[in-house]
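# Residue-level structure breakdown
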Amino acid sequence: VEVRAVITALALLVLAAVPPEPEFEASLETETPEEGWARSGFRLGLGYEYEGLIGVDNAPGGSVHSVLLRAGAKIDDVWSLFGSLRYGVIPGERAGLRFGGAIEPTFQLVDGLTLSLGVGVGGFILTTGAATPEPGATTPASVTLTDTTRLLGSCSGAGVLAIARVEYLFVLSGVLSMGPHVSADGQWTRCVEALGRTDPDTGEAIELRQFWEHHALSLGWTFWWR
Amino acid sequence: VALTIAALLLIVGQDPVATATTTLIPPRAISSTTIAYPGAAIVPGLEIEVVVRMRVDERGDVKSVELDRGVGEPFDSTVLAAVARFRFAPATYGGQPVPVDLRYTARFTPPPLALAPVVRPGVITGRLRERGTRFPVPYASVSAGNLETLSDEQGNFRLEVTPGAFAVEITLSGFLRFVQQETVGEGEELAVAYLVERAGNNPYEVLVVGERVRAEVSRTTIRGKELTQVAGTFGDPFRVVNTLPGVSTMMSLLPFPVVRGSSPGNTGFLIDGVRVPLLFHLLAGPSVVHPALIESIDFMPGGFPVDYGGYTGGIVDGKTRPARSDEIAYDVDLNFFQTGGLVRHPLPLPGLTGTLSGRVGYPGLLISLASPNISLSYWDYQARIDGGDRRFGYSLFAFGANDGLDTLPDGAQEGSPLEPFLQLTFHRVDLRSWHDDGAVHGDYQLTFGYDDSLSQDDAKLSSLSVTARGRLAFTLTPALVLTVGFDGLIKQGSFTASTMGAGTIGELLGTGGEPESSLYTTGLIAELVLTPTERWSIRPGVRVDVYMDGKSAHAGVDPRVLARYALDDDLWLKASVGLYHQPPRFAIPVPGLDQVAFDKGLLEATQASIGAELALDGGFSIDVQTYFNWMDPILFDVQFNPSVEDILNDPPVALPGQAPNMLPSNTDDVEDRLDRLLQPATGRSYGFEMLLRRQSADGISGWLSYTLSRSERLRDGGWSAFDFDRTHILNLVLQMPLPRRWQLGFRAQMQTGRPLTTTAGLSSTRASTFVRFDVRIDKTAVWNDWLLDFYVDVSNTVLAAEELQPGTDVRYVLPTLGFRAMF
């Protein structure tokens, strides 16, 4: 027992003599958050957008709730280049989906305030609530309806999208910022409604087509990560 | 006072052409090179650098001195005067004294005038670890004021410092600058521990770029971030196969590959050599094994060696990563569709490490938003124990999965509880052992399996199986390796149904109306690997498989030869030819529904290919192949297209606003189409494949794959295109690591539309070409003890329309947002 006590006492002495391991420390901040956001580099933004959609010449309009995914790079103090993807739900009777993707060169107007101008692809998948125009049971080929006073019953199609956006960002930290934006866009869509018929000789689907023009004004908020 | 001699050294007046034996020995200072600080100019804390250029002649005298970069007086003149007085032992070149130009940097640091003679320095000792992973950070520069040292291999350092408060700065290429404020008293020693953050790639996801294994003719191996960070795959390793040459799909949402124009059921999906009866959850979902368990995937579109039996299409072989004996890892992931986790830890028994992983999928939550009458769910699990080492080791690997589809019962009111419509389940337990003494390598597996599929009508398919597999490779001489092996399977299946089991369905299942079925297979293989010279590698082999179900027996004898020849170190020619047999399998893998209709006999294919692969600079490589496959007979061929007669008798017309059905509504026609699955067919496919690939651990990596192909079936007396033949298939996959641990992934896919039948003939036209773009963005955020990977993956970003058949376009987008934490 005495030997054990001595060994225990020695062990305690040794343990007491060993200094405790220091805690691991991370680096102090090497730049301010604003300096960090002023640097060039990759950015990712996730946002929400509410838009008022106006259809030209009887094309269906309404409100749209969209999710925005934006990614790109700040090139220098003035220029950035971003790509944006937008997926929106159109609620109500004319239910459907509005989608779009654009390349947006972005110009910094003043600190935190930017202007983007972009072009890309936009489209719809929606029902209009209108009865499908019946061009005749023996329609031999697809038909393009130029008169939009009689809408297609549904639209599945894509076209050209042009967009302008002004955005202001607040810096939250070295890696996060957020801010509001307002944007305006125009979209020209080639809508298609399949009639469920096929030309048995060529295999081509027989469908109705219609071109729609839309303008939209949007308000949104985006969280950015660098 | 400090003086640094910099590195510029030029030979003057000497023939610049050096021979292999000539070496330049720089001049050596034989006088003091210390330059005193100009006392009157001392500015506390100000460090001064003056750069001069001098010529030292063949006698070692300084002949001229010029100011290269000055800072002004009195430093410039002090340096010029002092350097002019330097004396050197002359430089020699090939043993002869030569004049040289030298560039000198004189660095002045204010001398600690008052303290230097009396103050004892402090000492700072520390450990550098990588933030997030705690890996040591070796060879980092650690500086305090004008004092500097490097960390050692273990990331430890020791630095004498001037007592007081000072900033410690750590710099290392590939890491963010580290700064910390410290205070050390006179004669004191301060112990510190710093976490330094990596600036670039996630070290857990590095791409291992190694020498290509030149064994099989058509094997492509993908690993590392190529497995889990390819855009449009949701991080699923097995979906990456769809971007490789020779692969198309029935439709882009379905991941089952159509390999070189064969039905998906003819391609083997293996995990460590074990056949997986249900590779993708719910047919279109993620694969059934946690991605973190997969180390690599070998894809062979054809021409695979005798090691693989029972398939006439391609092989997709996932290799799991054995755990190290001391490995500890925790991994949790969460996204819109599923939640998963992995725990890996040494076990109390010495030398053993255990791994437990699994996932629960809830895609039904999202789907129910659109359709409340359908619910989808799935789960899978994996448990593994690893022991031993490369010379002798063993593992136990258990894995399984379940898929469930619930629907509203017929006649039930909206909002009524959903009832199970389909349940698919399988379990596997795989025991494995290996040994390697350099001359003999042995690998043995014993696998137990249970499959169970249950449908709404109480139709139930279940089976129990035991599979044994053994391989012995003898290195007889350095140029000759003999491999022999054995494959065996005993399977007992049962089938119960209240409304099915007779007629075509019963024939399809091969039950003949009987509730029990048995299958016994035995396979023997023998293969030689001959390397008569360094340039040649020839692998002749044969495998013999015998299949019995108690009523009939069928045998397949498969001779195969694979050969490679190196034209030089970077260019290989390769070729293969062989015979392949397999039992009939249902078109899409379903647990309990593989190896059906056995009485129809074995399927057979003859495969031949020839190609070349070339290693290029910059991590690039290119692989080209041409192939020809003859398939006779084929069963369970996925053929949806109607015949010309069908078109004439039943024009593809539906009511306005409705798409025509994929399958005819007429019951007799449905039976006809099912009958067609059981009619032996003959097919052929041929084409050209190209894979241009770049592998890089820290740069842009990816590949461009292109396939020009034709797959045909003999039908109605002539050759017509297979229903899912694609003339052109193009995939571009890019992965770009960016600063601050971002990674950008991009995938573009283009494939020709599938053939369609018109009155002009079978497969006489095609659906529209499909082009889609996928994007994936990964960001790894770093905490002190763990990493958080955030990712966004969007498939078919702009909802490009895919035409399945005339009038049936599908537009979809699959966005996923997820997190993965790694401890």
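Residues numbered from 1 in each chain as written. Chains lettered and ligands numbered in written order. Predicted model: local features only at pLDDT ≥ 70, side-chain atom pairs only at ≥ 80, totals over all residues. Heavy atoms only, no water.

## Describing the overall build of chain B
Per the secondary structure count, chain B includes six helices and 50 strands. Per-residue burial over chain B gives 50% buried out of 823 residues. As displayed, chain B offers around 34700 Å² of accessible surface, 60% of which is attributable to carbon and sulfur atoms. (Helix = DSSP H or I, 4+ residues; strand = E, 2+ residues; numbered from the N terminus. Buried < 20%, exposed > 50% of the residue type's maximum accessible area, 1.4 Å probe, protein only. Areas by Shrake-Rupley, 256 points an atom, 1.4 Å probe, with all protein chains shown as cover.)

## Here we look at the nonpolar core
Residues and elements named next belong to chain B. Core analysis: the largest hydrophobic core is formed by 51 residues, its most contacted members being Phe 238, Ile 297 and Trp 703. Of all the secondary-structure elements, those providing two or more residues to this core are strand 19 (257-259), strand 20 (268-271), strand 22 (294-300), strand 28 (392-407), strand 29 (419-436) and helix 6 (667-678). Every residue in contact with Trp 703, bar those within four places of it in the chain, is listed here: Ile 222, Glu 226, Val 230, Val 240, Thr 243, Leu 244, Leu 691, Leu 692, Arg 693, Asn 731, Leu 732 and Val 733. (Core = buried A, V, L, I, M, F, W, Y, C linked by side-chain atoms within 4.5 Å. Contact = heavy atoms within 4.5 Å.)

## What to know about unusual backbone geometry
In this model, Asp 632 of chain B is joined to Pro 633 of chain B through a cis peptide bond whose omega is 5 degrees. In this structure, Pro 633 of chain B sits in strand 38 (residues 620-634). One non-glycine residue, Asp 57 of chain A, adopts positive backbone phi at about 55 degrees. Considering the arrangement of structural elements, one finds Asp 57 of chain A in the loop between strand 2 (41-56) and strand 3 (62-74). Classification of Asp 57 of chain A as exposed rests on a relative accessible area of 57%. Unlike most non-glycine residues, Arg 740 of chain B shows phi in positive territory, near 60 degrees. In this fold, Arg 740 of chain B is placed in the loop between strand 42 (728-738) and strand 43 (742-751).

## A look at the state of the cysteines
Covalent bonding between the sulfur atoms of two cysteines defines a disulfide. All names here are of chain A. If you walk through the whole model with that rule in mind, you get one disulfide over all chains. A sulfur-sulfur distance of 2.0 Å marks the disulfide that ties Cys 155 to Cys 191. In this structure the cystine formed by Cys 155 and Cys 191 twists about its S-S bond by roughly -80 degrees; its chirality is therefore left-handed. Taken together, the residues Cys 155 in strand 8 (residues 154-168) and Cys 191 in strand 10 (residues 176-198) connect sequence positions 36 residues apart. When sorted by exposure, Cys 155 lands in the same class as Cys 191, which is buried. (Disulfide = S-S within 2.5 Å.)

## With respect to the side chain of Thr 355 of chain B
Residue and element names in this part refer to chain B. Following the sequence through the fold, Thr 355 ends up in strand 26 (residues 352-361). Judged by its relative accessible area of 5%, Thr 355 falls in the buried class. At 2.7 Å, the side chain of Thr 355 forms a polar contact with the side chain of Arg 344. In this structure, Thr 355 is in contact with Leu 293, Ala 323, Leu 342, Val 343, Arg 344, Gln 382, Ala 383 and Arg 384, ignoring residues within four places of it in sequence. (Polar contact = N/O pair within 3.5 Å; in protein donor to acceptor, adjacent residues only side chain to side chain.)

## Regarding the sheet that holds strand 12 (residues 147-150) of chain B
Residues and elements named next belong to chain B. Read from one edge to the other, the open sheet built from four strands follows the order 12-11-14-15, with strand pairing classed as antiparallel. Sheet topology places strand 12 and strand 15 (178-184) at the edges, where each strand pairs with a single neighbour. Averaged over all adjacent pairs, the angle separating strand axes in this sheet is 25 degrees, with direction ignored. Relative to strand 12, strand 11 (residues 141-144) runs antiparallel, the two sharing four bridges. Residue pairing for strand 12: Ala 144 is matched across the bridge by Leu 147. (Pairing = 2+ DSSP bridges. Axes fitted to C-alpha atoms, helices over the stretch in contact; angles between N-to-C directions.)

## Things to note about the sheet that holds strand 2 (residues 24-25) of chain B
Residue and element names in this part refer to chain B. Read from one edge to the other, the open sheet built from three strands follows the order 2-7-8, with strand pairing classed as antiparallel. This sheet does not close on itself; its edge strands, each paired only once, are strand 2 and strand 8 (96-98). Note that strand 2 and strand 7 (residues 91-93) share two bridges and pair antiparallel. Each residue of the ladder has a partner; that of Ile 25, found in strand 7, is Thr 92.

## Topic: the packing of aromatic side chains
Each aromatic ring pair is summarised here by two numbers: the centre-to-centre distance and the angle between the ring planes. With the rule as written, the count across this model stands at 30 aromatic pairs over all chains. Seen in terms of ring centroids, Trp 536 of chain B and Tyr 565 of chain B are 4.8 Å apart; in terms of plane orientation they differ by 45 degrees. Their pairing is tilted. Taken together, the residues Trp 536 of chain B in strand 34 (residues 536-548) and Tyr 565 of chain B in strand 35 (residues 553-566) connect sequence positions 29 residues apart. Accessibility expressed as a relative area gives 37% for Trp 536 of chain B, which makes it partly exposed. Note on Tyr 565 of chain B: relative accessible area 24%, which makes it partly exposed. Of the aromatic side chains, those joined through ring pairs into one cluster are Phe 42 and Trp 225 of chain A together with Trp 742, Phe 790 and Phe 819 of chain B. One Lys or Arg, Arg 260 of chain B, reaches over the ring of Tyr 627 of chain B and ends 4.3 Å from the middle of that ring. In this arrangement the basic side chain of Arg 384 of chain B is found over the ring face of Phe 397 of chain B, its NZ or CZ atom lying 5.5 Å from the centre. (Phe/Tyr/Trp six-rings, centres within 6.5 Å; stacked < 30°, edge-to-face > 60°. Lys NZ or Arg CZ within 6 Å of the ring centre and 35° of its normal.)

## Some remarks on helix 1 (residues 75-84) of chain B
An α-helical segment advances 3.6 residues per turn. Residues three or four places apart therefore align on the same side. Residue and element names in this part refer to chain B. Regarding helix 1, the residues found buried are Phe 75, Asp 76, Val 79, Ala 82 and Val 83. In a view along the axis of helix 1, the buried residues occupy a sector of 140 degrees, so they form one face of it. Buried positions along helix 1 lie against strand 4 (48-56), strand 5 (62-69) and strand 9 (100-108). (Arc of directions from axis to C-beta.)

## A few points about the pairing of strand 47 (residues 787-795) of chain B
On a regular strand, one side chain projects to one face of the sheet and the next to the other, so that they alternate. Residue and element names in this part refer to chain B. For strand 47, the tally of buried residues reaches nine of nine residues, placing the bulk of the element in the interior. Judged from the eight bridges that link them, strand 46 (residues 770-782) and strand 47 form a sheet pairing that is antiparallel. Note on strand 47: the bridge partner recorded for Lys 779 is Phe 790. Bridging between strand 47 and strand 50 (residues 814-822) involves nine bridges; their strand directions are antiparallel. Across the sheet, Leu 787 pairs through a bridge with Met 822, a residue of strand 50.

## Some details on the confidence of the model for chain B
Residues and elements named next belong to chain B. Per-residue confidence for chain B averages 83 on the pLDDT scale, and 87% of its residues sit at or above 70. Scored below 50 in pLDDT, residues 499-504 makes twelve contacts in the model with residues more than four places away or belonging to other chains. Below a pLDDT of 50 lies the segment residues 654-665, which in the model reaches 28 contacts outside its immediate sequence neighbourhood of four places, other chains included. For this predicted complex, the interface confidence reaches an ipTM of 0.87, while the overall pTM sits at 0.80. (pLDDT = per-residue confidence, 0-100.)

## Considerations on the pattern of salt bridges
Taken as a whole and judged by the stated rule, the model has 52 salt bridges over all chains. Three or more residues joined by partner-sharing salt bridges are found here, namely Asp 307, Arg 469, Arg 471, Asp 487, Arg 543 and Asp 545 of chain B. (Salt bridge = Lys/Arg side-chain N within 4 Å of Asp/Glu carboxyl O.)

## Considerations on a negative patch on the surface
Taken together, the side chains of Glu 534, Asp 568, Asp 569, Asp 570 and Asp 617 of chain B present a region of like negative charge at the surface. Within the secondary structure, Asp 569 of chain B is located in the loop between strand 35 and strand 36 (571-582). (Patch = residues over 30% accessible without salt bridge, like charges linked within 9 Å, V, L, I, M, F, W, Y side chains within 5 Å. Lys, Arg positive; Asp, Glu negative; His and termini not counted. Charge placed at Lys NZ, Arg CZ, Asp CG, Glu CD.)

## Looking at the environment of His 281 of chain B
All names here are of chain B. Examined against the element boundaries, His 281 turns out to sit in the loop between strand 21 (274-275) and strand 22. Each C-alpha atom of the pair His 281 and Asp 716 lies 37 Å from the other, and the pair is 435 residues apart in sequence. With sequence-adjacent residues up to four places away left out, His 281 is seen in contact with Pro 286, Ser 287, Val 288, Tyr 378, Trp 379, Asp 380, Ala 401, Asn 402 and Asp 403. At 2.7 Å, the side chain of His 281 and the side chain of Asp 403 are in polar contact.

## A short note on the interface of chain A and chain B
The interface of chain A with chain B comprises 39 residues on the first partner and 49 residues on the second. Roughly 3700 Å² is buried in total at the junction of chain A and chain B, and carbon and sulfur atoms are behind 65% of that figure. In terms of surface lost to chain B, no three residues of chain A exceed Phe 24, Glu 25 and Phe 42 of chain A, which account for 19% of the buried area on that side. Our enumeration of links across chain A and chain B arrives at zero salt bridges. The tally of links between chain A and chain B comes to eight residue pairs in polar contact (both at pLDDT 80 or more). Of all elements in the fold, only strand 1 (24-25), strand 2, strand 3, strand 4 (79-90), strand 5 (96-110), strand 8, strand 10 and strand 11 (205-225) of chain A reach the threshold of two or more residues within the side of chain A that touches chain B. For the side of chain A that touches chain B, the leading source of residues is strand 10 of chain A, giving five residues. Grouping the amino acids of the side of chain A that touches chain B by side-chain chemistry returns 21 nonpolar, ten polar and eight charged. Here strand 1 of chain A pairs with strand 16 (residues 189-196) of chain B via two bridges, running parallel. By the bridge assignment, Glu 25 of chain A is partnered in strand 16 of chain B with Tyr 194 of chain B. (Buried area = accessible area lost by both parts, 1.4 Å probe. Nonpolar A, V, L, I, M, F, W, Y, C, P; charged D, E, K, R; others polar.)

## Regarding the environment of Gly 485 of chain B
Residues and elements named next belong to chain B. Inspection of the secondary structure puts Gly 485 in strand 32 (residues 480-496). Classification of Gly 485 as buried rests on a relative accessible area of 12%. When the C-alpha atoms of Gly 485 and Asp 307 are compared, they prove to be 8.0 Å apart, with 178 residues separating the residues in sequence. Ignoring sequence-local partners within four residues, the contact set of Gly 485 consists of Gly 470, Arg 471, Gly 523, Leu 524 and Ile 525.

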